[in-house]
Amino acid sequence: MEERKLLALMVLSSLVVLAETVAHKHAIEIYSLHVDCRVTSRFAHTVITSKIVNRANESREATFEVELPKTAFITNFSMSIDGKVYPGIIKEKASAQKEYDTAVLHGQSAGLVKITGRKLEQFHVSVSIAAASKVTFELMYEELLKRQLGKFELLIKVRPKQLVKHFQIDVHIFEPQGIRFLETDSTFMTNELTEALTKVQNETKAHILFKPTVDQQKINPELDETLLNGDFVVRYDVKRGANAGDIQIVNGYFVHYFAPHEMPVFPKNVIFVIDRSGSMTGRKIEQTRDALLKILQDLRPEDHFSFITFNNKVVEWKSSLLQATAENVASATGFVQTLSASGGTNINHALLTAVSVLDKAEGLPERSVSMIILLTDGQPTSGESNVEVIQENIQKAVNGKYTLFCLGFGFDVSYKFLEKMSLSNGGIARRIYENADAALQLQGFYQEVATPILMKIEMQYPENDVEGLTKNNFKLFFEGSEIVVSGKISNELDLLPVEIKAQSHSSDLTFKEEAIVKEKGQVFQNQSYIFGNFIERLWAYLTIQQLLEKSISAQEEDRKALEGKALELSLQYSFVTPLTSMVVTKPTGQQQTELANKPTEADNEKPISFPVGDAYRLRSGLPPGRWRSEPQPVSNKKVSVVVRLRDKTRAQPLADEYPQLLLQLPNQNEIICLNTDGKAQTSVHLLSDPEQGLTVTGKIGNRMNHFVQFEITYVTPPVRIHVSTNEIVLSHNSESTQLPWTESATSTIQGLSVSVEKETSVTASLSDTVTVKISFVKVPDYFLGLYFLDTDRFSGKVSGLLGQFYSKARFENNSNISQRADERLLRVSGSEHKATRQYKKDYRLESTNDPVFCWSIDLTP
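Predicted model, so just to flag it, every value in this text is computed and none were measured.

## Description of the overall build of the protein
Line of reasoning, step 1. Looking only at helices and strands, one finds 15 helices and 48 strands in the protein.
Line of reasoning, step 2. The burial tally for the protein puts 55% of its 861 residues in the buried class.
Line of reasoning, step 3. In the protein, of all internal contacts separated by at least 6 residues, the share reaching a separation of at least 24 is 67%.
Line of reasoning, step 4. For the protein, the accessible area works out to roughly 37600 Å², and carbon and sulfur atoms hold 48% of it.

## What to know about the packing of aromatic side chains
Line of reasoning, step 1. Counted by the stated rule, this structure contains 35 aromatic pairs.
Line of reasoning, step 2. Centroid distance Phe43 to Tyr541: 5.9 Å. Interplanar angle 75°. Geometry classified as edge-to-face. In this pair, Phe43 is assigned in strand E2 (residues 43-54) and Tyr541 in helix H12 (residues 534-552), connecting sequence segments 498 residues apart.
Line of reasoning, step 3. Summarising the aromatic geometry, the rings of Tyr787 and Tyr843 are spaced 6.3 Å apart at their centres and angled 50° between planes, so their arrangement reads as tilted. With Tyr787 in strand E44 (residues 783-789) and Tyr843 in the loop between strand E47 (831-840) and strand E48 (852-859), this residue pair connects regions lying 56 residues apart in the sequence.
Line of reasoning, step 4. Here the aromatic cluster, defined as three or more aromatic residues joined through ring pairs, consists of Phe272, Phe305, Phe307, Trp317, Phe335 and Tyr446.
Line of reasoning, step 5. The ring of Phe174 is capped by Lys205, whose NZ or CZ atom sits 6.0 Å from the centre of that ring.

## Some points on the environment of Ala438
Line of reasoning, step 1. If you trace the backbone, Ala438 turns up in helix H10 (residues 438-449).
Line of reasoning, step 2. Measuring from C-alpha to C-alpha, the distance between Ala438 and Phe409 comes to 8.6 Å, with 29 residues separating the pair along the chain.
Line of reasoning, step 3. Dropping the residues within four chain positions of it, Ala438 is found in contact with Gln287, Phe409, Ile432 and Tyr433.

## Observations regarding the pattern of salt bridges
Line of reasoning, step 1. All told, the structure shown has 38 salt bridges when counted by the stated rule.
Line of reasoning, step 2. We note a salt bridge from Asp185 to Arg235, for which the minimum N-O separation is 3.5 Å. A residue pair is termed long-range when its members are at least 10 positions apart, and Asp185 in strand E11 (residues 179-186) and Arg235 in strand E14 (residues 230-238) qualify at 50 residues.
Line of reasoning, step 3. Among the residues examined, Arg235 registers a relative accessible area of 16% and is labelled buried.
Line of reasoning, step 4. Of the charged contacts, one joins Glu832 and Arg827 as a salt bridge, the two residues approaching to 2.6 Å between their closest N and O atoms.
Line of reasoning, step 5. Among the residues examined, Arg827 registers a relative accessible area of 25% and is labelled partly exposed.
Line of reasoning, step 6. Put simply, Arg42, Arg147, Glu175, Arg180, Asp237, Arg240 and Glu482 are held in one network by salt bridges that share partners.

## A word on the sheet that holds strand E34 (residues 684-689)
Line of reasoning, step 1. Strands sit in the order E34-E35-E36-E37-E38-E39 across an open sheet of six strands; the sheet is antiparallel. Edge positions in the open sheet fall to E34 and strand E39 (735-740), since each of these has one partner strand only. Here the average twist between neighbouring strands, direction ignored, is 15°.
Line of reasoning, step 2. By the bridge criterion, seven bridges tie strand E35 (residues 694-700) to strand E36 (residues 707-714) in an arrangement that is antiparallel. Following the sheet pairing, Thr695 is matched in E36 by Thr713.

## Brief notes about the state of the cysteines
Line of reasoning, step 1. Taken as a whole and judged by the stated rule, the model has one disulfide.
Line of reasoning, step 2. Through a disulfide, Cys673 is tied to Cys854; the S-S separation comes to 2.2 Å. The chirality of the disulfide connecting Cys673 with Cys854 is left-handed, given an S-S dihedral of about -115°. Remark: Cys854 occurs in strand E48 and Cys673 occurs in strand E33 (residues 671-676); sequence separation between them is 181 residues.

## Side note on the environment of Arg283
Line of reasoning, step 1. As for its placement among the helices and strands, Arg283 is situated in helix H5 (residues 283-298).
Line of reasoning, step 2. For Arg283 and Asp790, which are 507 residues apart along the polypeptide, the C-alpha to C-alpha distance reads 8.8 Å.
Line of reasoning, step 3. Not counting residues up to four positions away in its chain, the partners in contact with Arg283 are Ala436, Asp790 and Arg793.

## Quick word on the confidence of the model for the protein
Should the pLDDT be low somewhere, the predicted coordinates at that spot are not to be read in detail.
Line of reasoning, step 1. Taken over all residues, the pLDDT of the protein has a mean of 82, while the share at 70 or more is 83%.
Line of reasoning, step 2. This model gives residues 814-819 a pLDDT under 50, and the stretch forms 16 contacts once residues within four places in sequence are excluded.

## With respect to helix H6 (residues 326-337)
Line of reasoning, step 1. Taking 1.5 Å per residue, 12 residues should reach 16 Å; H6 reaches 17 Å between its end C-alpha atoms and fits that length.
Line of reasoning, step 2. Residues of H6 that are buried: Asn328, Val329, Ala332, Thr333, Phe335 and Val336. Each buried residue of H6 sits inside an arc of 165° when the element is viewed along its axis, so together they form one side. Residues of H6 that are exposed and point over 90 degrees away from its buried face: Ala326, Glu327 and Gln337.
Line of reasoning, step 3. Looking at the packing, one finds that the buried side of H6 touches H5, strand E18 (304-310) and strand E20 (322-323).

## What to know about H10
Line of reasoning, step 1. A rise of 1.5 Å per residue sets the reference length of H10, with its 12 residues, at 16 Å; its end C-alpha atoms lie 17 Å apart and thus fit the reference within 8%.
Line of reasoning, step 2. Looking at H10, one finds that the buried residues are Ala438, Ala439, Gln441, Leu442, Gln443, Gly444, Phe445, Tyr446, Glu448 and Val449.

## Focus: the packing of H5 against H10
Line of reasoning, step 1. Where H5 contacts H10, the axes come no closer than 8 Å and their chain directions differ by 35°. Crossing geometry of H5 relative to H10 is assigned as right-handed. Here H5 contributes Gln287, Thr288, Asp290, Ala291, Lys294, Ile295 and Asp298 to the contact with H10, which in turn contributes Ala438, Ala439, Leu442, Gln443 and Tyr446.
Line of reasoning, step 2. Considering only residue class, the contact of H5 with H10 consists of six nonpolar, three polar and three charged.

## Topic: unusual backbone geometry
Trans peptide bonds make up most of the peptide bonds, and negative phi angles are found at most residues other than glycine.
Line of reasoning, step 1. Between Thr716 and Pro717 the backbone carries a cis peptide bond, its omega angle lying at -5°.
Line of reasoning, step 2. With respect to the helices and strands, Pro717 occurs in the loop between E36 and strand E37 (719-724).
Line of reasoning, step 3. For Asp82, which is not a glycine, the phi torsion comes out positive at approximately 50°.
Line of reasoning, step 4. Examined against the element boundaries, Asp82 turns out to sit in the loop between strand E4 (73-81) and strand E5 (84-92).
Line of reasoning, step 5. We note that Asn733 has phi near 50°; this positive angle belongs to a residue other than glycine.
Line of reasoning, step 6. Here Asn733 is to be found in the loop between strand E38 (727-732) and E39.

The rules behind each value
Residues numbered from 1 in each chain as written. Predicted model: local features only at pLDDT ≥ 70, side-chain atom pairs only at ≥ 80, totals over all residues. Heavy atoms only, no water. Helix = DSSP H or I, 4+ residues; strand = E, 2+ residues; numbered from the N terminus. Buried < 20%, exposed > 50% of the residue type's maximum accessible area, 1.4 Å probe, protein only. Contact = heavy atoms within 4.5 Å. Areas by Shrake-Rupley, 256 points an atom, 1.4 Å probe, with all protein chains shown as cover. Phe/Tyr/Trp six-rings, centres within 6.5 Å; stacked < 30°, edge-to-face > 60°. Lys NZ or Arg CZ within 6 Å of the ring centre and 35° of its normal. Salt bridge = Lys/Arg side-chain N within 4 Å of Asp/Glu carboxyl O. Pairing = 2+ DSSP bridges. Axes fitted to C-alpha atoms, helices over the stretch in contact; angles between N-to-C directions. Disulfide = S-S within 2.5 Å. pLDDT = per-residue confidence, 0-100. Expected span 1.5 Å × (residues − 1). Arc of directions from axis to C-beta. Left-handed = near helix turned anticlockwise from the far one by under 90°. Nonpolar A, V, L, I, M, F, W, Y, C, P; charged D, E, K, R; others polar.

Below is the structure:
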């Protein structure tokens, strides 16, 4: 009898625990999530509405997290709690910052707004809501879809993190020119989810509806976990008739789309200027070689090309440009395959050499396009290192004759430096992300610029009848892209005449077109889902973007004028741009104000540390005569309140300490910060992988609880690398080589490359093997930070204190360790570890995120 009672009590206890766990898991429920996107003639207007209810019997925090395209401008945000609306207010940045600083002084704390990945920004806001209360979040943003390689792409990030009873994506497209093709794609689609996708299309309109039921959203029927985690993409293109393009007019504003096709391609004269400094060692130089080998195969027989490689020295493959014959391409292939990395970075000399080669070139086609493509992963450290001097030197040498494209590999480059240099010379800058597809990114960029079909394009409109005209002169037009010009019709016109002049490979061209204003205006009438002033907003969006781009290469006085105009338009049309901020004040009693700033790509990296002129320092917030690498006194108040649209987790509240070890779980978007209670001078077995032939051990220092020494041992080749805060020693076949931290250097032993970046890091890389990287951190005291790249190469046999996390770690789905959302259980090799969500400083060089939002775990070696 007693046993039955005991058994009944155990079952009852288990049911209570289960009920509490389920209740906790679904306490904050997203019961409705609707993405409503309306694309009218390329201009996309998106509204995301999330409705949340607190089903707990106490107050809980509700979170609204949305990823949106980097090219978009947020235009509105609001929270509605129990019938009261809390709107976001867009203000001039300095004014918003002042208001925000005041809020912080009164004890209010920062919200979260940041950027994720290469295409997306993340808007994140949390608010506490009472038991049984509801909150509705609404975010609105707009963007002009850009045509690349013959198609427009609309990207919607889907990640609700739970099953949603009413989930729906609506995409309405209206293109008066006609829809040539339309397709949808998704990274999470299954056969069941495909049934929830419908597409209705006619000549000019399309409606895409994605409305999965709760059952269709499930990973499997037994688990309450969602499949919806990834990209939902719509791609399309429009029909094209007259060569003069298509003009559309609404309420006195016009937009002109020009994208001629089926024209002969200009022969190219292209010089590839390739960085082969020490920091390119390993995966970077391998991916660069792979990309160049593919690009060589894409050269047309009439093209001319050459290579210039550089570290602290500049090497010309050939003294002149060669035609892309089969023989010359084969010769270049052999050269590319020999590329290796070591030494410093002399960008100035390399680019001046490229210009000189083009200046001296003979026998090039009379009508051809000359361009320089620079690929670098670092900052100028050799030769001329003052970025302002380099920019002036290159602009003076190019003198408008050629186009310069700058590709920045990773986050150690100064994107602002590359961007200004490329824009000043008729090109663009692009960041190449250090991922597995870096070679594809390089190839993709080349494909965009590989087929120039027009040059010196002038779009002419009646001068006295059009005002506020956006950019209307273009150096080059590439097949598959599109020129967009917009403006305001200032007088009553019946006809809007347009004349386009350009040069093609074979002749000078003139295109003429007349748009009947009244007729064009009627096209958009009676379209129920079209927001009526879309061309005016498109004009404002495009004008702001071009003013900001122009300001990058402008002199100080001109820059202020350009930014002033852009600010005025940003405020007038309620756009969150790099010049404005959105202030969101939360309900009384929560004491929270949030500030959202729009970043530039230059924000997406570490501070520069090379010499610059005083004007550049002052614009960067540095006093004359001081470099950014020196420690700067910073107000605590200023540090604690900066919340920006920037890289994932970078704009969090400041962390006060570094973790001992840091890793990202394989195939998961989760960062783990590990701390051990290991004793000083005791060797800790961190990682072994017999299939990789790799072992790593470490020692913790006496004065601080961080690693100050690592031993990296390879089986093939038999090499041991001893890394301490004093030196790096390579041991092989009873011989030792010492590499000091005081200079950059590279040593290669039977394919194993060990590269030292001066006072920064050491990298060990071997083909088809995990890359080991160690950061040299000097603040608050000297210590070393270990991490790994290409971790997908670890085998299932990897072990050790750190290694076990790469094969045997998973979060428990039904953890009931706490009612707090910031704690979870992580199961590793049969043991359970309590993981707590914390902010830590990030010692990884590839990361732009400081601090990092990670799951912190304490381990015993």
